[in-house]
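Analysis of the macromolecular model
Here is how the chains run, residue by residue.
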Amino acid sequence: MTTPFERQLQRLRSDLLRLGALVESALQLAYDALIERNFRSAEQLIQREQEIDRSAAVLNREAIAFLASQAPLAQNFRFLVMLSHLCRDLERIGDYALEIGTAAQMLLRYPPSPYLEDIRVMFQRSQLLLSAALSALADLDREGGLALATCDDAVDADYQRLYERLCASLHPQESVELRLILLLVIRNLERIGDYATAIGRRVAFIVQGEVS
């Protein structure tokens, strides 16, 4: 039979994973808005981001209250300490998804960009990185969490290649604004990769108390 402490701890873990699922769905909406040029998805992102912010705030308050009222040991203590950081990581990824959705709405004024195919590849890598981070969190997989740094290298390489292309000389009739919007998009994708990698490091800390 589980104790009240164990039940509350499990509920916090479940709520954190639900928050992760919300963020994952927000990133998919951003993908649909940007790559599929789906205006409705960009609109839905606003509501989803508000839901993420509310859920993160509630979870953070509950974790602090629970930690203050209990005396958890070892891994449970590290989880509760890291929970606020994990909420912040997920909330920031949601913010970046919303910014991409806003950029996607602006891009609808222009014909589909020739850069979008390479951005699509980078976007999908970022999505896979977030999915892997959430899997490591759900399973408390230390090795899986630490392995995310290698996956993030590919996202960083995508960013560098696209950044150099987007900062090159403009083609005739090409819009400066278009380039600037795309630079914002890839910067947000690069930051999503960084935050997903941070989640992996936090998982390693929860499991073993260190990241290396």
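As a reminder, the structure under discussion sits directly above these lines.
Here's what I pulled together on the structure shown here. For clarity, every value in this text was computed on a predicted model and none was experimentally measured.

So, the overall build of the protein chain
Summing up its helical and strand segments, the protein chain has six helices and zero strands in all. Walking the protein chain from its N terminus toward its C terminus, one meets helices and strands in the order α-α-α-α-α-α. By its C-alpha atoms, the protein chain is 70 × 35 × 25 Å across when sized along the principal axes. Relative to its 212 residues, the protein chain shows a buried fraction of 43%. Nonlocal contacts in the protein chain, meaning residues at least 24 apart in sequence, comprise 84% of its contacts between residues at least 6 apart. Split by element, the accessible area of the protein chain, about 10400 Å² in all, is 55% carbon and sulfur.

Some details on the side chain of Asp158
Of note, Asp158 is situated in helix H5 (residues 142-166). Here the side chain of Asp158 touches Arg161 through a polar contact of 2.5 Å, side chain to side chain.

A closer look at the pattern of salt bridges
Within this structure, the stated rule accounts for 17 salt bridges. Ionic pairing is found between Arg92 and Asp95, a salt bridge with its closest N-O pair at 2.6 Å. Here the residue Arg92 and the residue Asp95 both occupy positions in helix H3 (residues 74-107), the gap between them amounting to three residues, near one helical turn. We classify Arg92 as partly exposed; its relative accessible area is 25%. The shortest N-O distance in the salt bridge between Arg142 and Glu143 comes to 3.9 Å. A relative accessible area of 13% places Arg142 in the buried class. In the salt-bridge network here, residues are joined through shared partners; they are Arg11, Asp15, Arg18 and Glu62.

Quick word on the nonpolar core
Taken as a class, soluble globular proteins show a tendency for nonpolar side chains to be buried jointly. Among the nonpolar cores identified, the biggest contains 64 residues, and Leu16, Leu34 and Ile119 are the most heavily contacted of them. At the level of elements, helix H1 (4-35), helix H2 (39-69), H3, helix H4 (116-139), H5 and helix H6 (176-208) are the ones that each hand at least two residues to this core. The contacts of Ile119, once residues within four sequence positions are left out, are Leu34, Leu162, Leu182, Val185, Ile186 and Leu189.

Focus: unusual backbone geometry
You will see that Arg37, though not glycine, has its phi angle at about 55°, which is positive. Considering the arrangement of structural elements, one finds Arg37 in the loop between H1 and H2. Judged by relative accessible area, which is 27%, Arg37 ranks as partly exposed. Of note, the phi angle at Leu140 is positive, near 50°, even though the residue is not glycine.

Brief notes about H2
In this model, H2 (31 residues) spans 46 Å end to end at C-alpha, consistent with the 45 Å of a helix rising 1.5 Å per residue. Residues of H2 that are buried in the fold lie against H1 and H3. N-cap assignment for H2: the residue whose side-chain oxygen lies 3.0 Å from the backbone N of Arg40 is Asn38.

What to know about the packing of aromatic side chains
Scanning the entire structure with this criterion turns up four aromatic pairs. Look at Tyr31 and Phe123: their rings are 5.2 Å apart centre to centre, the planes differ by 90°, and that puts the pair in the edge-to-face class. Of this pair, Tyr31 sits in helix H1 while Phe123 sits in helix H4; the two residues are 92 residues apart in sequence, bridging distant segments of the chain. We note Arg13 situated over the ring of Phe79; from NZ or CZ to the ring centre the distance is 5.1 Å. Against the face of Tyr96 rests Arg92, its NZ or CZ located 4.5 Å from the ring centre.

Considering H3
Taking 1.5 Å of rise per residue, the 34 residues of H3 would be expected to cover 50 Å, and the 49 Å separating its terminal C-alpha atoms lies within 8% of that figure. By the largest-angle criterion, Leu83 marks the main kink of H3, which is about 35°.

Conventions used here
Residues numbered from 1 in each chain as written. Predicted model: local features only at pLDDT ≥ 70, side-chain atom pairs only at ≥ 80, totals over all residues. Heavy atoms only, no water. Helix = DSSP H or I, 4+ residues; strand = E, 2+ residues; numbered from the N terminus. Buried < 20%, exposed > 50% of the residue type's maximum accessible area, 1.4 Å probe, protein only. Contact = heavy atoms within 4.5 Å. Areas by Shrake-Rupley, 256 points an atom, 1.4 Å probe, with all protein chains shown as cover. Polar contact = N/O pair within 3.5 Å; in protein donor to acceptor, adjacent residues only side chain to side chain. Salt bridge = Lys/Arg side-chain N within 4 Å of Asp/Glu carboxyl O. Core = buried A, V, L, I, M, F, W, Y, C linked by side-chain atoms within 4.5 Å. Expected span 1.5 Å × (residues − 1). Phe/Tyr/Trp six-rings, centres within 6.5 Å; stacked < 30°, edge-to-face > 60°. Lys NZ or Arg CZ within 6 Å of the ring centre and 35° of its normal. Bend = angle between axes of the 7 residues up to and from the residue.

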